[in-house]
Amino acid sequence: MVVFKVQLKQKIFQILKEQAKKSGIDPEAIREEDLSIENPPKPELGDLAIPLFPFAKVFRMPPHALSSLVGESLQQGASLPEGVDRFNIVGPYLNIFLNRPMVTELLFQQAVKEGDRFGSSDLFRSKRIMVEFSSPNTNKPLHLGHLRNDALGESVARILRFSGATVRTVDLINDRGIHICKSMLAYKELGQGRTPEDEGLKSDHFVGKYYVLYNELAKRDPEAEDRARAMLVKWEQGDPEVRLLWEKMNQWAIEGIKRTYERTGIHFDQFNFESEVYLKGKEEVLKGLEKGIFYREADGSIWVNLEDIGLDRKVLLRSDGTSLYVTQDIGTAISRYKDWPFDTMIYVVASEQNYHFKVLFTILERLGYEWAKNLYHLSYGMVNLPEGKMKSREGTVVDADDLLDELTEMAKEEIRTKEREEEVGNIDETAEKIALGALHYYLLQPSPSKDIVFNPKESLSFTGNTGPYIQYTGARICSMLRKLNGVTQVKDRNGKATYLNTTEEWELVKLLSDFPVVVELSASSYNPSLLANYLYEVSKTFSRYYHEHPILYAEDPDVAASRVQLSRCVLQVLKNGMYLLNIPFLEVM
RNA sequence: GCGCCCAUAGCUCAACUGGAUAGAGCAACUGCCUUCUAAGCAGUAGGUCGGGGGUUCGAGUCCCUCUGGGCGUACCA
């Protein structure tokens, strides 16, 4: 369908230019970007709509007259452009009706031929894109906020790869700093050498427990903070005992976090540790100072002045010469580029850091790094609770593993009440996949930039506009295809586009043909939500159709075979799209 | 104070990036399992797109302003 769209657009553009010449108007006044092809609000109006408002002024004639004029030229010599059946003029709109069998046949061919690659493109061919996301701290396990971050990062990476890019996903693990020392201190003073195994806890939860214990400790012992700070100093000095404890606890934390990644289908090509890079920015700052990009205050601290572009002054090196958060980010970016030169670098980080990234990117540009203009902050909104922000101190943080366990349990319960244990087979595995489907769809469906409210009671539904609904649609198609073997008169027949004559089928064909366009749009805007909403639309449209028309048992076996073929296309689009959103595909549920 | 973001049905979110009568789900009510999985389908009800002004042939979408909310503005990360 894309082919037809492109051809049609060219044709209309050409017609407009010719008409302009005839009317003595400068053809240059006809701009291609004013020409758009849209979907009409109602299918009866047409398959494609071309609004001609923007050109009415240039031609100095009413829009409806212009659309008639263009329509006549389109029909010239009684032959319409390929794929176009007829057109209809509704006021200022030129509405196009496509040749249904032609579009349908094209979809059949593409979906079968390309299979798991259907929807892919070379939009980002030969582009190297680095995607940084997750970035956990090693003092506590992952929470719901990380899950949104991970879902976005993983999905964007998959979509970009599918669109031809060479993608490298990176996890920058924040494994040093005062907050790490806090859990270390609590463990040292209260842990009595126990291990996660001793307490039967997942290792990152074990570490997290001591972070909570620290906060309790600090409440009754005001000097705890001093001891934690002293520990950080010792850590920086390389004190062997502190380093040993640090390594032990970090290992626990990271091992546990990696298990959660595995569970949720998150993959990283590279892990960076802040402990290894946090000093790197320092020399860059000193270089910048020499070049006169930064300046030194009387107390020895080094600053950058960004007031000329509406930002503030920012400290880059403390008066004692130690580095800050921005400093390490400067260093990390530079060493990453050296290590793996990229065309684009995407930081998936919550919107609370918008300011930070503005500052970071500006500094890198001023330091003279050409690639700095290719850095992109993929900012996303916070995940809040109905009561407000999640706060670890108040214990309102929604733990990632607990949430998944809870969802899995709900899915199991659902399978049991529907009495589908036998058909499903491995209930544990299926329930877990349903849980992941629900979670990832829930997190990816809203626009990234928006804050979302997570209501534990209502948000975790499996019906309606949810991940499991999409999974269910796929599972039903699979189930139907399994039964196809029993229907001998249909089984060996090839589907043909000409047997599909219902409006519902045509709606499906148009929608499915749009899949590559939706993927491209999601890729170029780094926005998986477009894809998520699209998959829901596909599921919805198919469910309606499936309810309305028999497929396997259609009276005419040729019609049945063609409907099966269409269902296979739906399945392929769902499968490919679900992969891109990291929603597990299920043959049975 | 200043900067950035957000405001659409009771609730949670869409709206093809400025196009035709603003759509879904949840919750409520009503139907549909002797036919391919009822995690489904169909229907009823629910809206001055936060208020006001402007730009435009056309504004939920762009600009200004006010109101309400979030985030930031650390020699924290």
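What counts, and where the lines are drawn
- Residues numbered from 1 in each chain as written.
- Chains lettered and ligands numbered in written order.
- Predicted model: local features only at pLDDT ≥ 70, side-chain atom pairs only at ≥ 80, totals over all residues.
- Heavy atoms only, no water.
- Helix = DSSP H or I, 4+ residues; strand = E, 2+ residues; numbered from the N terminus.
- Buried < 20%, exposed > 50% of the residue type's maximum accessible area, 1.4 Å probe, protein only.
- Lys, Arg positive; Asp, Glu negative; His and termini not counted.
- Charge placed at Lys NZ, Arg CZ, Asp CG, Glu CD.
- Polar contact = N/O pair within 3.5 Å; in protein donor to acceptor, adjacent residues only side chain to side chain.
- Contact = heavy atoms within 4.5 Å.
- Pairing = 2+ DSSP bridges.
- Axes fitted to C-alpha atoms, helices over the stretch in contact; angles between N-to-C directions.
- Salt bridge = Lys/Arg side-chain N within 4 Å of Asp/Glu carboxyl O.
- Near = heavy atom within 4 Å.
- Right-handed = clockwise from strand over helix to strand, strands pointing away.
- Core = buried A, V, L, I, M, F, W, Y, C linked by side-chain atoms within 4.5 Å.
- Domains from an automatic or database assignment.
- Parallel < 35°, antiparallel > 145°, perpendicular 65-115°, else oblique.
- Expected span 1.5 Å × (residues − 1).
- Arc of directions from axis to C-beta.
- Buried area = accessible area lost by both parts, 1.4 Å probe.

## As for the overall build of chain A
Within chain A, the secondary structure is distributed over 23 helices and 13 strands. Considering only C-alpha atoms, chain A reaches an extent of 85 × 70 × 40 Å along its principal axes. Burial status across chain A gives 53% buried among its 589 residues. Of the side chains in chain A, 73 bear a positive and 86 a negative charge, and the two mean positions are spaced by 3 Å.

## Details of the side chain of S73
Along the polypeptide, S73 turns up in helix α3 (residues 63-74). Side-chain polar atoms of S73 contact the backbone oxygen of L69, separated by 3.0 Å. With near-sequence residues (within four places) excluded, S73 lies in contact with I15 and Q19.

## Some thoughts on the sheet that holds strand β6 (residues 270-273)
The strand order across the open sheet formed by five strands is β6-β5-β4-β10-β11, and the pairing between neighbours is parallel. Edge positions in the open sheet fall to β6 and β11 (375-380), since each of these has one partner strand only. In this sheet, adjacent strand axes meet at a mean angle of 25° when their direction is disregarded. In this sheet, β6 lies alongside strand β5 (residues 166-173) in parallel orientation, the contact comprising four bridges.

## Some details on the pattern of salt bridges
Following the criterion strictly, the structure yields 33 salt bridges and no others. Residues E429 and K433 are paired through a salt bridge, measuring 3.4 Å at the closest nitrogen-oxygen approach. Of the two residues, E429 and K433 are both situated in helix α17 (residues 427-444); the distance of four residues between them amounts to about one turn of the helix. Look at K433 and you get partly exposed, because its relative accessible area is 27%. Through salt bridges that share partners, K202, D204, R263, D401, D405 and E432 make up one connected network.

## Considerations on the protein's contact with RNA strand B
Among the 63 residues in the neighbourhood of RNA strand B, the closest are listed as D299, R318, K418, S447 and Y472. The contact atoms of RNA strand B, taken as those within 4 Å of the protein, divide so that sugar and phosphate hold 60%. In this structure, R544 approaches RNA strand B through a side-chain N or O atom, which is 2.7 Å from a phosphate oxygen. A distance of 2.6 Å is found between a base nitrogen of RNA strand B and a backbone nitrogen or oxygen belonging to Y546. If you list the elements that add at least two residues to the surface near RNA strand B, you get α2 (53-59), β3 (93-98), α14 (354-366), α15 (400-417), β13 (452-453), α18 (467-483) and α22 (528-548).

## Brief notes about the pairing of β5
A regular strand places its side chains on the two faces of the sheet in alternate fashion. Taking burial as the measure, the eight residues of β5 include six buried ones, the bulk of the element. Where strand β4 (residues 128-132) meets β5, five bridges bridge the pair, whose relative direction is parallel. Counted as the bridge partner of R128 is T166 from β5. For the segment spanning β4, helix α5 (residues 144-162) and β5, crossover handedness is right-handed.

## Considerations on the nonpolar core
Generally speaking, soluble globular proteins have nonpolar side chains that are buried together. Ranked by size, the top nonpolar core spans 130 residues in total, and within it I96 and L160 carry the most contacts. Per element, the largest residue contribution to this core is 13 residues, and it comes from helix α23 (residues 557-581). Here this core gathers at least three residues from each of two domains, domain 1 (2-98) and domain 2 (400-580). Leaving out residues up to four positions away in the same chain, I96 has contacts with L8, G46, D47, L48, I50, L74, V84, R86 and F87.

## Some points on the side chain of N527
Tracing the sequence through the fold places N527 in the loop between α21 (515-524) and α22. Taking the relative accessible area as the measure of exposure, N527 reaches 14% and is therefore buried. Setting aside residues no more than four positions away along its own chain, N527 makes contact with P448 and S522.

## Some remarks on the packing of helix α6 (residues 178-190) against helix α10 (residues 240-264)
Where α6 contacts α10, the two axes come as close as 10 Å, and the packing angle between them is 100°. Put simply, α6 runs roughly perpendicular to α10. From α6, I180, S183, M184, Y187 and K188 reach across to α10, where they touch E241, V242, L245, W246, K248, M249, N250 and W252.

## What to know about helix α4 (residues 100-114)
Relative to the 21 Å expected for 15 residues at 1.5 Å per residue, α4 spans 21 Å between its end C-alpha atoms, a close match to the ideal helical length. Within α4, burial applies to V103, T104, L107, F108 and A111. Buried residues of α4, seen end-on, are gathered within an arc of 140° and therefore sit on one face of the element. Its buried side turned inward, α4 meets α1 (2-22), β3, α20 (503-513) and α23. The N-terminus of α4 is capped by N99, whose side-chain oxygen sits 3.0 Å from the backbone nitrogen of M102. In the segment just after α4, G115 is the residue with positive phi, at about 50°.

## A word on the domain arrangement of chain A
Accessible area lost upon the coming together of the parts is a frequently used measure of interface size. Per the domain assignment, the segments of chain A are domain 1 (2-98) and domain 2 (400-580). Distance from the C-alpha centre of domain 1 to the C-alpha centre of domain 2: 36 Å. Counting residues at the interface gives seven residues for domain 1, matched by six residues for domain 2. Around 420 Å² of area is buried between domain 1 and domain 2 when both sides are counted, 51% of it from carbon and sulfur atoms.

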